[in-house]
Amino acid sequence: MASSPLKAMLPPPEFRAPPPSPVAGVHPHGLDSPDGDDEFAGFLSHSLRVPKLNLPHRIFPQEATAWNPPAIDFRPLISPGDAESSAADLVKSAAAAFGCFQLVNHGISPGLVAAVGAAASPAFGIPLESRMKAARSPERRWGFEVEEEGEGEEFLWWCRNGMRDRRELAAIWPRSYKDFSDQVEGLWCEIQKIASRVEAVLLGKKARNEEEAADGSLLCLQKHAPNGSHNAGIKHELLRMLVRSWSCSCDLSLHLPGGASEFHIYSKRGWYRFCPENAAIIVTVGDQIQACSGGFYKHVIGKPVLKKEDPQDCISMAFHHTTHQAIAHGISRPDRQGEKTISLAEQIMVAACLAIAYHIIAFFFCRSI
């Protein structure tokens, strides 16, 4: 069912309070006068203060904030009429305000998603040595991606164009690759249509045909850590998500959380979590559409999170939709001449460098006292 009017979609706070002023703190060891003058030593111990800067938790928040993105009915988007215009406005508003929304009644059956997950499950049981032969690399966009030992999460990237990838995967996965390929082809066709329609709404242009639209897109299948064991802290999790987003620049990402009961997103507003609607597709805006819109649409990074009570054989999927259409067409947006958009990745890198520089300066400053 479509979401309530726009006024019900209250966005999370975009700006936090400014950083506090440096708070002076007494030197922990005090100072003794070289001549033993007690009054002079007392004066120094009360007057000499080292500033203590308390940085806000904007870039690395302590915990994810609960939030509910809008749920939008997909059916009006493919039905001409006033309902289509209203739903399109809702999609544009959600992408501009939040960078994330949910699609319900999209037409992809839960049975198809479950069949793809079941067909992909044997791939993660292939011996590590064999998977490394088909590992993903900068030169090869598809393949296996295995986390560091002990992380517990595994990824299989699949693309539709070209046959070489299918031959190499079939060579290390001879028994059930044909079944997986047939199932994932069916899912690809369905989710590609949805991604193309959403992109056409955002760009205000007619979508390209499916063969052109499929060029550059990727499907990522993720096997989650059992029992929610992957919990290395929010800072580590953010950096992992950030690195992965750099390796997969896209227009839109359409997430199928599978059996995961929680979804996390990160943007310049902070870290947020929510429980997805039943059988919903979660759409996050990619960096390419944000760039071509001059920052009008907000790029966010998202991933499903497996909780202890969720099915432990959960495999989630993310379709990363990529075309050259967004850059070629651009979109209509408010006049933003003279503004320079700084990407989310650049903001986080600058913040991390400033934090490291602060600790280095503070260390040497304390050593010099």
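Presented here is a report on the structure given in the accompanying data block. (Residues numbered from 1 in each chain as written. Predicted model: local features only at pLDDT ≥ 70, side-chain atom pairs only at ≥ 80, totals over all residues. Heavy atoms only, no water.)

**Remarks on unusual backbone geometry**
One non-glycine residue with positive phi stands out, namely asparagine 105, at about 55°. Mapped onto the elements of the fold, asparagine 105 is located in the loop between strand 5 (100-104) and helix 3 (110-120). Of note in the backbone geometry, alanine 279 takes a positive phi value of approximately 60° without being a glycine. Among the structural elements, alanine 279 can be located in the loop between strand 11 (270-274) and strand 12 (281-285). (Helix = DSSP H or I, 4+ residues; strand = E, 2+ residues; numbered from the N terminus.)

**Describing the pairing of strand 8 (residues 218-223)**
With five of its six residues buried, strand 8 lies for the most part within the structure. The pairing of strand 7 (residues 154-158) with strand 8 spans five bridges and is classified as antiparallel. Bridging from a neighbouring strand, tryptophan 158 pairs with leucine 219 of strand 8. With six bridges connecting them, strand 8 and strand 14 (residues 315-321) associate as antiparallel partners. Bridge pairing links lysine 223 to isoleucine 315 in strand 14. (Buried < 20%, exposed > 50% of the residue type's maximum accessible area, 1.4 Å probe, protein only. Pairing = 2+ DSSP bridges.)

**A look at the sheet that holds strand 10 (residues 262-267)**
Spatially, the four strands line up as an open sheet ordered 3-11-10-13, and their pairing is mixed. Single-partner strands in this sheet number two, and they are strand 3 (65-66) and strand 13 (301-305). Relative to strand 11, strand 3 runs parallel, the two being bridged by two bridges. Among the inter-strand pairings, threonine 65 is bridged to a residue of strand 11, identified as tyrosine 272.

**A word on the nonpolar core**
The biggest cluster of nonpolar side chains holds 69 residues, and the ones touching the most others in it are Phe101, Leu103, Phe180, Leu221 and Leu254. With near-sequence residues (within four places) excluded, leucine 254 lies in contact with Ile191, Ile194, Ala195, Ile281, Ile282, Val283, Met317, Ala318 and Phe319. (Core = buried A, V, L, I, M, F, W, Y, C linked by side-chain atoms within 4.5 Å. Contact = heavy atoms within 4.5 Å.)

**Some points on the pattern of salt bridges**
Taken as a whole and assessed by the stated rule, the structure comprises four salt bridges. A salt bridge links aspartate 73 to arginine 75; the shortest N-O distance between them is 2.9 Å. With relative accessibility at 48%, the residue arginine 75 sits in the partly exposed group. Across the pair glutamate 154 and arginine 131 runs a salt bridge, and its minimum N-O distance is 2.0 Å. (Salt bridge = Lys/Arg side-chain N within 4 Å of Asp/Glu carboxyl O.)

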